[in-house]
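# Examination of the molecular architecture
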Amino acid sequence: MMRTLIFRTVAPYLTSLMLVFSVFVLLRGHNAPGGGFIGGLIAASAFAIYGIACGVSPVRRALRLHPTTIAGIGLLLGSVAGLISLFDGVPFMTGLWIYPHFFGVEVPLATVMLFDFGVYLVVTGTITAIALVLEEREGE
Amino acid sequence: MEALMAVVIGIFFAVSVYLMLSKHIIRILLGVTILGNAVNLLIFTAGRIVHAVPPIIGEGNDVPNRITANPLPQALILTAIVISFSFFAFLLVLAFRAYQELGTDDTDEMRIAEPENEPVPPLGY
Amino acid sequence: MIMHAPPLADWLVIAPIVLCIVVGAGLLCVRKTVAVHAAIAIAGLVLLVVLDAALLWHVANDGPVTMTMGRWLPPFGISFTVDLLGAVLALVSGIAALAAGLFGLVDVDDSGKRYGFFPFLFLLMAGVSGSFLTGDIFNLYVWFEVLLIASFGLLVLGSEQGQIDGATKYAFLNLVATTLFLIATAYLYAIFGTLNVADIAEKARAMDDTAPLATLGTLYLLAFGMKAAAFPVNFWLPASYHTPRIVASALFAGMLTKVGVYALVRTLVMLFPSERAELAPVIAVVAVLTMAVGAMGALAQSDIRRLLGYVVISGIGIMLVGVAVAGEGGIAGTVFYMAHSIVVMTALYVAAGMAARAVGAPLSITDLAGLYRSHPMLSALSLMLFLSVAGLPPFSGLWPKIMLVRSAIDAGSSWLGAAILVNGLLTTIAVGRVWVLAYWQPAPTPGMRREKPALAIEPGFWTEYLPLIILTGLSVVFGLFPEAMVSASQQAAVGILDPASYIHSVFPAGAVP
């Protein structure tokens, strides 16, 4: 835990900015550089920064779920994304698309994207868990 | 280009082997990380280095109309990077824990699991 | 692009892996609610065994089955191809995992469950099943890493000093081994331009230039030899296998080294047969030295768990004899011995765990005595397992050893057969000494006997003995009725030595040039 005033003041804003940026990178990832892994890393570093500034237990409280639970949900999402193919009669992990309209705008949604969400959560969960364990030890 | 890459990869391997020969865990860890990067470069070179465009098929075509870069090594490297990154994170925690619990990062002094001067097992019934 | 829908039965190819990942992820989500872990985990493991059995049935009736991910045509998509070898090993390791899971119910306390014993168990099984079922070399590497990271988690369950020590050595040396595997795979890709096993099998047979292939074969031998704990690169195993909870040791001893041997059979024997023939003298020497190190190490230990670690190594030496000799009999012997070793090594560690629960740690044969009087059932089952691992009739160790010795003599290397027999003698002495001293020998005086420690959970007879009875029963069945297993391993060997049906299952219309 670092007690400099500047860092502790800036950290919450930095964390929220990084989290928003991580979601941006995640969504951008389908056809441009970005994606679940890098987005997850950015989110995990956001939590790590918050942990360095304000201590580990506020991060755990703010997360509500334990980081490994987040990773578990991500793994489940990834598997579900692959299993959807079963109902469409195509091999496992085939990318399937739907094009629903929201307020007149066509939004392409894909199982690939669902899988990417899963990756994002797995990476966020595991790396945050490791980072928080390291920071906890540091503080002792 | 391949020759230059081969030399670079060779240097990476040499550095990593030198580091892994050390007795200290943290140096071994750095050695393993550099080894991972050496392998990534190796995969990249194994996919052939050519002057080429990105492997994107233009609109209206079924096949790319020019020689494109090989996308597979990059996918393999990405997977390998992800794996080696997570291993690095885990090993870092493990090395840190080992240093805290055992009070040393010298592998010669880590003899808890295999103590020296153990008694000889019974020689008769 | 694949246009036809895959038949529902083909989904069995990936069903065990998907099941393991889904159940493991589900358990991670309810990590804090320990009460539901047991029900979910055991149900999942039973389902895993059922799916593996259905897959074996499918493969035995219809030949190798392939599913290529994401509608890509092989060799461009990642193929999962299951032949008899993979299906048999997947089923046997599924059964071993079920037994270990049942034993975990009594051996792992609530804090261990909260830490994530069962999620890691399922992750480990995803890695093991994935390795047995995949048909893509790079994918095999990924599954190796999956099982490796799960094994790290199981190793440090409990975070004792000895565990951290053992885990450090295990983690670094295994990571170097898998990196070697990756290096070899990079060269493989440079030479063939493909990573699909069936595609490589076809192209390697057509390739005249064997110098690059010899490099590949040697690298794979080193990498998988290290994973399997073959002689000069076996030091990580005795340094770490006795440190984790015994249920984790049981899982590791049953499966991890056998995955290494499986990968060796898949690459060296199936993909590069002529390079294997060139390397055969090296493999033979490695096999004999591994057997020697395993047997002598077992004789030199007084801690039962460390002794069992060396018994694992000596079993690896025996399996390598089959790889060195090759031929139908040799490979079939190796396959049968792998199945036997998965069952019996898991069972031996479970038995050791039950002995530890009965008397309290440490498990040294100089301290233990009189287990036969206090625990006759455990002692009887242990004796059967000890005889089985030593290769004595009427248990499962006998038949694969006969197959291996006979094929070694047929191939003109009788010394390999002799090495197996001498190893059997030494193993008999080592495990016989354990049984005589720890179980049979009466406790010196009643006053000297340690008080039985109070257990957190006092399980009933069936909860306690069911895993051991399943595994010992399997060993007895393999021993008394070996025909099914012998013919299955012979068919698996034929499929490995002549991969035509394997290639046909991936490329029904002939390979892509």
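No experiment lies behind these values; they were computed from the predicted model shown.

Cut-off values and rules
- Residues numbered from 1 in each chain as written.
- Chains lettered and ligands numbered in written order.
- Predicted model: local features only at pLDDT ≥ 70, side-chain atom pairs only at ≥ 80, totals over all residues.
- Helix = DSSP H or I, 4+ residues; strand = E, 2+ residues; numbered from the N terminus.
- Rg over C-alpha atoms; globule rule 2.2 N^0.38 Å.
- Buried ≥ 20, exposed ≤ 12 C-beta atoms within 10 Å, placed from the backbone.
- Contact = placed C-beta atoms within 7 Å.
- Nonpolar A, V, L, I, M, F, W, Y, C, P; charged D, E, K, R; others polar.
- Pairing = 2+ DSSP bridges.
- pLDDT = per-residue confidence, 0-100.
- Core = buried A, V, L, I, M, F, W, Y, C linked by C-beta atoms within 7 Å.

## Thoughts on the overall build of chain C
- Helices and strands together make up the secondary structure of chain C, namely 21 helices and two strands.
- Here the C-alpha radius of gyration of chain C, 22 Å, is about what a compact globule of 513 residues would show, namely 24 Å.
- Judged by the C-alpha coordinates and their principal axes, chain C covers about 80 × 55 × 40 Å.
- Going through the 513 residues of chain C one by one, you find that 65% of them count as buried.
- Partitioning the intrachain contacts of chain C with sequence separation of at least 6 by distance along the chain shows that 82% fall at a separation of at least 24.

## Observations regarding the environment of C:Ile183
- For C:Ile183, the location among the structural elements is in helix 7 (residues 161-192).
- According to the C-beta neighbour criterion, C:Ile183 is buried, with 20 such atoms within 10 Å.
- On a C-alpha basis, the gap between C:Ile183 and C:Lys32 in space is 40 Å, while along the polypeptide they are 151 residues apart.
- Ignoring sequence-local partners within four residues, the contact set of C:Ile183 consists of B:Val39, B:Leu42 and C:Leu219.

## Considering the interface of chain C and chain B
- Listed by partner, the interface residues are 33 residues for chain C and 31 residues for chain B.
- Of all the secondary-structure elements, those providing two or more residues to the side of chain C that touches chain B are helix 6 (137-155), helix 7, helix 10 (236-240) and helix 18 (414-440) of chain C.
- Counting residues per element, the side of chain C that touches chain B draws most heavily on helix 7 of chain C, at 18 residues.
- Partitioning the side of chain C that touches chain B into residue classes produces 21 nonpolar, ten polar and two charged.

## With respect to the interface of chain C and chain A
- Counting residues at the interface gives 19 residues for chain C, matched by 18 residues for chain A.
- The set of elements that each furnish at least two residues to the side of chain C that touches chain A consists of helix 1 (15-29) and strand 1 (65-68) of chain C.
- For the side of chain C that touches chain A, the leading source of residues is helix 1 of chain C, giving seven residues.
- Here the side of chain C that touches chain A is composed, by residue class, of 13 nonpolar, four polar and two charged.

## Section: the pairing of strand 2 (residues 79-82) of chain C
All names here are of chain C.
- Neither face of strand 2 is exposed, since Ser79 and Thr81 on one face and Phe80 and Val82 on the opposite face are all buried.
- The sheet contact formed by strand 1 and strand 2 spans four bridges and is antiparallel. The residue bridging methionine 67 from the neighbouring strand is phenylalanine 80, located in strand 2.

## Considerations on the confidence of the model for chain A
- Of the residues in chain A, 96% have a pLDDT of 70 or more, and the chain-wide mean is 86.
- Considering each helix and strand of chain A separately, the mean pLDDT is smallest for strand 3 (residues 105-106) of chain A, with a value of 81, and largest for helix 1 (residues 5-28) of chain A, with 92.

## Some points on the nonpolar core
Residue and element names in this part refer to chain C.
- If you look at the biggest cluster of nonpolar residues, it comprises 272 residues, and the most contacted ones within it are Val88 and Ala351.
- Per-element accounting of this core gives the leading share, 20 residues, to helix 14 (residues 327-359).
- Setting aside anything within four residues of it in sequence, one finds valine 88 in contact with Leu56, Val335, Ala339, Ala488 and Ala492.

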